[in-house]
Amino acid sequence: MLQTSQDPLFPGRVIVDLGAIAENLEVLRSFAPGVAQMAVVKADAYGHGLLPVAMAALQAGATWLGVAQLAEARALREGLDAAGIDRSAAPILAWVAPSGADWAGALEAGIDLSVSWTWVLAEICAAARVTGIRARIHVKIDTGMSRAGSTRADLPALVAAVRMAEEDGLIEVVGAWSHLSRGDDLSEDGRASTAAQVEVFEQGLRSFADAGIKPRIRHLSATSGILWHPEAHYDMVRAGIGMYGLSPDPLTARGAALGLRPAMTLRAPLTSVKVVEDGAPASYGGTWRAPGRRWLGLVPLGYADGILRAGSNGAPVLVEGRKAITTRVVGRICMDQFIVDLGAAEGEPGAPSARSGRAPARVGDTATLFGDPDRGAPSADEWAQAAGTINYEIVTRLGERVPRVHLSAAE
Ligand SMILES: *Cc1c(COP(=O)(O)O)cnc(C)c1O
């Protein structure tokens, strides 16, 4: 662990409300009642902190954990083991399968593995022979994303290989699964695409059944499927972005309208509050000029912390000074800092800041980049819009050096 990532002197903070995580999982369960729930905690739990989020999710009723990378799965297992959580109570699925991975280590850590191709199966079976541990696999079908998953043409060979490995006692087929590519698209075209993807999934399931392969858990839906495609819920759903309190597509439905509450708040104390003269350029390139004498605040977070530079000149910030001011980033976001406009300053041109009327905020006052809009904070959705991206990227890109503070459900 990098010391800087835990540096208590780093000024910014990511506050993660684990109570919101628990509530959001409950909300998502109301959309998919009676179906097992996998909490997706890849990418350091979308930037929220792998282990605390995983533990909170398990406590809140999720019965599975999902990650992309094997390294994340191993770190997660280590943390859960250390916390005394029984492996059978916390199955972990890892779905990125690089050739030559430490499959034996994965089996020893009790990690479920995704199989899309016969060569992956061969590598996993070799590890099963070496370790004497039967591999738990989830066979993945490519239903229309062309990412991982077996294409229809490759499926017969994969089915035959799975069948043989199962007969040899090397694997147990725990799941059959896929991932929707347009679950958040409720246009006629989007719905037709999802229907076609469900049909391809069904065909794949029939191929397994015909070969006598009986996956216990069929799973297809991420958050968008949970919310908008009940026909795709099957035996388990995989909750990612919704668990963190964000909508998979705010244009289709805003998080608050779905009953979701953002778990993450990003904030930092102002490190400067000063007056600049009319026309003063702000930050590199002088892309913003003060429209009159202005109070400017300085926030000690930048693109090295994952504050997307594309949010320059526009992303919203709440400053809680003498009163709450919802303002914007002005000028370009720098590596470690950015500037916010705090409003018009009184006083004569050239007068020191101290003689320019009452400062709207002081050094040390809190600037909130995003958090729960119900509490007056801008939303990750607004940051996404300002930076030309999606809320997923806003939260997952947050730098490791910004300390995470986890509020337990009771706080
Ligand atoms: C990331 C991911 C999820 C979770 O998606 P959300 O849209 O965040 O709910 C589920 N399944 C797979 C395969 C993923 O990669």
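Since we're looking at a predicted model, the values are computed, not measured.

1. Description of the nonpolar core
Across soluble globular proteins, you tend to see nonpolar side chains buried next to one another.
Then comes step 1: Ranked by internal contacts, the top residues of the largest apolar core, which has 125 residues, are Ile171, Phe338, Phe370 and Trp383.
Then comes step 2: When residues of this core are assigned to domains, at least three map to each of domain 1 (18-251) and domain 2 (264-407).
Then comes step 3: Not counting residues within four places of it along the chain, the set of residues in contact with Phe338 comprises Gly297, Leu298, Val299, Leu301, Ile307, Val317, Val329, Ile333 and Leu369.

2. Examining the site of the ligand
Then comes step 1: In the vicinity of the ligand, 13 residues are found, and the nearest of them are Lys42, Tyr46, Thr223, Ile241 and Tyr392.
Then comes step 2: A distance of 2.6 Å is found between an oxygen atom of the ligand and a side-chain nitrogen or oxygen belonging to Lys42.
Then comes step 3: Within the backbone of Ile241, one N or O atom sits 2.7 Å away from an oxygen atom of the ligand.
Then comes step 4: Within the complex, the protein chains bury 93% of what would otherwise be the 390 Å² of accessible surface of the ligand.
Then comes step 5: Residue composition of the shell around the ligand, grouped by class: seven nonpolar, three polar and three charged.

3. What about the domain arrangement of the protein chain?
Then comes step 1: Split by domain assignment, the protein chain resolves into domain 1 (18-251) and domain 2 (264-407).
Then comes step 2: Summarising the inter-unit geometry, the C-alpha centres of domain 1 and domain 2 are found 39 Å apart.
Then comes step 3: Taken together, the contact between domain 1 and domain 2 spans 13 residues of the former and 10 residues of the latter.
Then comes step 4: Here domain 1 packs against domain 2, burying approximately 1100 Å² in sum over the two surfaces, 62% of which is carbon and sulfur.
Then comes step 5: Here domain 1 is connected to domain 2 by zero salt bridges.
Then comes step 6: Each residue belonging to the side of domain 1 that touches domain 2 can be placed in one class, and the counts come to eight nonpolar, five polar and no charged.

4. Notes on the environment of Ala97
Then comes step 1: Within the fold, Ala97 resides in the loop between β4 (92-94) and α5 (103-108).
Then comes step 2: According to the relative accessible area criterion, Ala97 is buried, its value standing at 16%.
Then comes step 3: Through-space distance from the C-alpha of Ala97 to that of Trp117 is 9.7 Å; in sequence the pair is 20 residues apart.
Then comes step 4: With near-sequence residues (within four places) excluded, Ala97 lies in contact with Trp103, Ser114, Trp119 and Val120.

5. Notes on the sheet that holds strand β19 (residues 404-407)
Then comes step 1: If you walk across this open sheet you meet the nine strands as β11-β14-β17-β16-β15-β18-β10-β1-β19, and the pairing is mixed. Lying at the two open borders of the sheet, with one neighbouring strand each, are β11 (272-276) and β19. Strand-to-strand twist in this sheet, taken as the mean axis angle between neighbours without regard to direction, amounts to 35°.
Then comes step 2: Of the pairings in the sheet, the one linking strand β16 (residues 324-330) to strand β17 (residues 338-344) comprises two bridges and is antiparallel in character. From the neighbouring strand, Val329 faces β17, where its bridge partner is Val340.

6. Describing helix α3 (residues 50-59)
Then comes step 1: Every buried residue of α3 is listed here: Leu50, Val53, Ala54, Ala56, Ala57 and Leu58.
Then comes step 2: Looking at the packing, one finds that the buried side of α3 touches α1 (18-31), β2 (36-40), α2 (42-46), β3 (64-67) and α4 (70-82).
Then comes step 3: One or two steps after α3, the chain reaches Gly61, where phi turns positive at roughly 110°.

7. Examining the confidence of the model for the protein chain
Then comes step 1: Per-residue pLDDT for the protein chain averages 96, and the proportion of residues at 70 or more is 98%.
Then comes step 2: Within the protein chain, the element-level pLDDT minimum falls on β19, averaging 96, and the maximum on β2, averaging 99.
Then comes step 3: Every residue in residues 1-5 is under pLDDT 50, and counting partners more than four places away or in other chains gives eight contacts.

8. Quick look at the sheet that holds strand β8 (residues 217-221)
Then comes step 1: Read around the barrel, eight strands follow the order β2-β3-β4-β5-β6-β7-β8-β9 and close on themselves; strand pairing throughout is parallel. On average, each strand axis in the sheet is tilted by 30° relative to the strand beside it, whichever way the strands run.
Then comes step 2: Bridging between strand β6 (residues 135-140) and strand β7 (residues 171-177) involves six bridges; their strand directions are parallel. Each bridged residue has a counterpart across the sheet, and for Ile137 the counterpart in β7 is Val173.
Then comes step 3: With respect to the sheet, helix α8 (residues 188-210) is in contact with β6, β7 and β8, its orientation differing from that of β8 by roughly 165°.

9. Some points on the pattern of salt bridges
Any two side chains of opposite charge can pair if their charged atoms end up close together.
Then comes step 1: Applying the stated criterion across every chain, the model contains 17 salt bridges.
Then comes step 2: Linking Asp81 and Arg87 is a salt bridge whose minimum nitrogen-to-oxygen distance equals 2.7 Å.
Then comes step 3: Among the residues examined, Arg87 registers a relative accessible area of 35% and is labelled partly exposed.
Then comes step 4: Between Glu393 and Arg397 there is a salt bridge, with the nearest N and O atoms lying 2.5 Å from each other.

10. Some points on the UniProt feature "domain: Alanine racemase C-terminal" (unreviewed entry) in the protein chain
Then comes step 1: This chain's UniProt record puts "domain: Alanine racemase C-terminal" (unreviewed entry) on residues 263-407.
Then comes step 2: Summarising residues 263-407: 10% helix, 34% strand, and an end-to-end C-alpha distance of 10 Å.

11. Looking at the UniProt feature "modified residue: N6-(pyridoxal phosphate)lysine" (unreviewed entry) in the protein chain
Then comes step 1: Within the UniProt annotation, "modified residue: N6-(pyridoxal phosphate)lysine" (unreviewed entry) is assigned to Lys42.
Then comes step 2: Counting through the fold element by element, Lys42 comes out in helix α2.
Then comes step 3: What Lys42 contacts, discounting residues up to four positions off in sequence, is Gly66, Val67, Ala68, Glu72 and Trp95.

Thresholds applied
Residues numbered from 1 in each chain as written. Predicted model: local features only at pLDDT ≥ 70, side-chain atom pairs only at ≥ 80, totals over all residues. Heavy atoms only, no water. Core = buried A, V, L, I, M, F, W, Y, C linked by side-chain atoms within 4.5 Å. Buried < 20%, exposed > 50% of the residue type's maximum accessible area, 1.4 Å probe, protein only. Domains from an automatic or database assignment. Contact = heavy atoms within 4.5 Å. Near = heavy atom within 4 Å. Polar contact = N/O pair within 3.5 Å; in protein donor to acceptor, adjacent residues only side chain to side chain. Areas by Shrake-Rupley, 256 points an atom, 1.4 Å probe, with all protein chains shown as cover. Nonpolar A, V, L, I, M, F, W, Y, C, P; charged D, E, K, R; others polar. Buried area = accessible area lost by both parts, 1.4 Å probe. Salt bridge = Lys/Arg side-chain N within 4 Å of Asp/Glu carboxyl O. Helix = DSSP H or I, 4+ residues; strand = E, 2+ residues; numbered from the N terminus. Pairing = 2+ DSSP bridges. Axes fitted to C-alpha atoms, helices over the stretch in contact; angles between N-to-C directions. pLDDT = per-residue confidence, 0-100. UniProt positions renumbered as here; feature names shortened; annotations may be inferred.

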